[in-house]
Each structure stands twice: as structure tokens, then as C-alpha cells.
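Chain by chain, the residues run as shown.
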Amino acid sequence: MTIIEDYIRKEPEERQSALTELYHFIKQLVPEAEERLSYGMPTFYLNGNLVHFANAKKHIGFYPTPSAILAFKDDLTGYKSSKGAVQFPATQELPWSLIKKMIQFRIKENMEKKK
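Procedures and definitions
- Residues numbered from 1 in each chain as written.
- Predicted model: local features only at pLDDT ≥ 70, side-chain atom pairs only at ≥ 80, totals over all residues.
- Heavy atoms only, no water.
- Buried < 20%, exposed > 50% of the residue type's maximum accessible area, 1.4 Å probe, protein only.
- Helix = DSSP H or I, 4+ residues; strand = E, 2+ residues; numbered from the N terminus.
- Pairing = 2+ DSSP bridges.

Chemist: When you look at the pairing of strand 2 (residues 41-45) in this model, what are you seeing that I'm missing?
Modeler: Within a regular strand, the side chains alternate between the two sheet faces. With four of five residues buried, strand 2 lies mostly within the body of the structure. Alignment of strand 1 (residues 34-38) against strand 2, held across five bridges, turns out to be antiparallel. Looking at strand 2, one finds that E35 is bridged to F44. Linking strand 1 to strand 2, which pair antiparallel, is a turn of two residues; within it Y39 sits at a positive phi near 55°. Of the strand pairs in this sheet, strand 2 and strand 3 (residues 49-55) are connected by three bridges, and their pairing is antiparallel. Across the sheet, the residue bridging to T43 is H52, located in strand 3. Counting the residues that bridge the hairpin from strand 2 to strand 3 gives three residues, and of these N47 lies at a positive phi of roughly 55°.

In short, geometric facts, not functional conclusions.
So, in C-alpha cells, the structure goes:
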């Protein structure tokens, strides 16, 4: 069991499926990323923090950093967001296409730092 799977296992049962889907989705996109807990949240690390996610009472928080929130602000109009986070309501399907684009943006951003 990974550190992130352990985090998910401790969350309410009704959220575990969505969190597991998100975990595997990110892992499939970035298999080379290191898995960590940072700020108490599941974190994927690739040449720096890539993305975090976490369960909350009424939503799943997705934390792709302020640069990604700014880059995708037009796509996020239907969601609550802040400087570095977006809230995906627990009652809705996760927006997989948007999440994928944000992760790909972050991969590119982090790999450019490496140069």
C-alpha cells in the first residue's frame, strides 16, 4: 500500500472511490512522479511539487499551484477556486479532461525548471 492509498483508506467510505480514481488517473499520467504527503495531502512530486489533492467535507480539493489556476481560469468558472486551489463538488463527476490539461501544464512547467 502506498502512502497515498493509506491516506485514501482513512477517508470516508463514500469518498474513497472518487479519490482512488483521481489517484490512479494522476499516477497513469505521471508514472515517474514520486508520491508523498505534503501539507497532509496526497502529493505528486516531479522536479518539485506537481499537484496535491485532498478530501474535504463537500468537495475534493485539487491544488495545481497558482500558475495553473491562472492559466485555466476560464475553464474554472463553474468551480470555486482560490489562488492555488480548485474545489470539485463531491456530488459531481470529476472533470477529467480539465484535470489532465492542468497536470500536463504542471509537468511542462516543472520540467522547464530543470533546464
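Let us keep going from here.
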